[in-house]
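Residue-level listing of the chains:
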Amino acid sequence: MLGIAQLVKNAVRAGGPAPDFTGAVRTCIGCRQTAARDQLVRLVRTASGSGEPEALVDLRRRMPGRGAWLHPSPDCLRLAVKRHAIGRALPGITNAGELVDQLAGLSGDGIQPLRTDIVPL
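In this text, all values refer to a predicted model and were calculated from it rather than measured experimentally.

Trainee: Explain the overall build of the chain to me, please; I cannot follow it from the model alone.
Mentor: In terms of helices and strands, the chain carries 4 helices and 5 strands. Going from N to C terminus, the chain has its helices and strands arranged as α-β-β-β-β-β-α-α-α. Every one of the 121 residues in the chain was classed for burial, and the buried ones make up 32%. Within the chain, contacts between residues separated by at least 24 positions form 53% of all contacts whose residues are at least 6 apart in sequence. Total accessible area on the chain stands at roughly 7600 Å², and carbon and sulfur atoms take up 54% of it.

Below is the structure:
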């Protein structure tokens, strides 16, 4: 894994601009693109009341447990389900259908209108 100093050195050597490290950057499990943390929705693996692992949407981004990040768009959600990325990012999660329903329930027309910029970090 390259450190920040090595990334900057590589960018300078290549003649490009130095990378921007102004905030926390996460990778969407659907499209595999990096984005600022405040542009993504956090999914978290927790234990249900019966002890089985389940995936939840963490709107406040504060729940304990293993987390994964996803763009709030139907395309990224479709890609994550198609690639089985939710199960790989959150080991033990076998049924992503419940998570899809939960994401769709947060906003009337799917997850596109879901605003993550108003949720306190």
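Trainee: Looking at this structure, I do not really get the sheet that holds strand β3 (residues 41-47). What am I missing?
Mentor: What holds strands together in a sheet is hydrogen bonding between their backbones, with the strands either parallel or antiparallel. Read from one edge to the other, the open sheet built from 3 strands follows the order β4-β3-β5, with strand pairing classed as antiparallel. This sheet does not close on itself; its edge strands, each paired only once, are β4 (53-58) and β5 (66-70). Each adjacent strand pair in this sheet contributes to an overall mean axis angle of 30 degrees, direction not counted.

Trainee: Honestly, helix α2 (residues 74-82) in this entry has me stumped. Any pointers?
Mentor: Side chains of residues three or four places apart in an α-helix project in the same direction, reflecting 3.6 residues per turn. Buried within α2 are the following residues: C76, L77 and A80. The buried residues of α2 occupy one face: seen down the axis, they fall within an arc of 100 degrees. Exposed positions of α2 whose direction lies more than 90 degrees from the buried face are R78 and K82.

Trainee: Sorry, what's going on with the state of the cysteines here?
Mentor: Here, disulfide denotes a covalent bond that connects the sulfur atoms of two cysteines. Scanning the model with the defined rule gives 0 disulfides in all. Of all cysteine sulfurs, the one in C76 lies closest to C28, which takes part in no disulfide; the gap is 3.8 Å. Judged by relative accessible area, C28 falls into the buried class, the value being 0%. For C31, which is in no disulfide, the shortest distance to another cysteine sulfur is to C76 and amounts to 3.7 Å. Under the relative-accessibility criterion, C31 is labelled partly exposed at 24%.

Trainee: Where do I start with the pairing of β4 in this structure?
Mentor: Residues in a regular strand project their side chains so that they alternate between the two faces of the sheet. Sheet analysis places β3 next to β4, joined by 6 bridges and oriented antiparallel. The residue of β4 that forms the bridge with V44 is L56. Once β3 ends, the chain turns through 5 residues before running back antiparallel as β4, passing G51 with a positive phi of about 95 degrees.

Trainee: I'm lost on the environment of R45 in this one. Help?
Mentor: Mapping R45 onto the fold places it in strand β3. Among the residues examined, R45 registers a relative accessible area of 29% and is labelled partly exposed. For the pair R45 and A89, spaced 44 residues apart in sequence, the C-alpha separation works out to 9.3 Å. Once residues within four sequence positions are removed from consideration, R45 is found in contact with P53, E54, P64, G65, R66, L90, P91 and I93. A distance of 2.6 Å separates the side chain of R45 from the backbone oxygen of P91, its partner in a polar contact.

Cut-offs applied
- Residues numbered from 1 in each chain as written.
- Predicted model: local features only at pLDDT ≥ 70, side-chain atom pairs only at ≥ 80, totals over all residues.
- Heavy atoms only, no water.
- Helix = DSSP H or I, 4+ residues; strand = E, 2+ residues; numbered from the N terminus.
- Buried < 20%, exposed > 50% of the residue type's maximum accessible area, 1.4 Å probe, protein only.
- Contact = heavy atoms within 4.5 Å.
- Areas by Shrake-Rupley, 256 points an atom, 1.4 Å probe, with all protein chains shown as cover.
- Pairing = 2+ DSSP bridges.
- Axes fitted to C-alpha atoms, helices over the stretch in contact; angles between N-to-C directions.
- Arc of directions from axis to C-beta.
- Disulfide = S-S within 2.5 Å.
- Polar contact = N/O pair within 3.5 Å; in protein donor to acceptor, adjacent residues only side chain to side chain.

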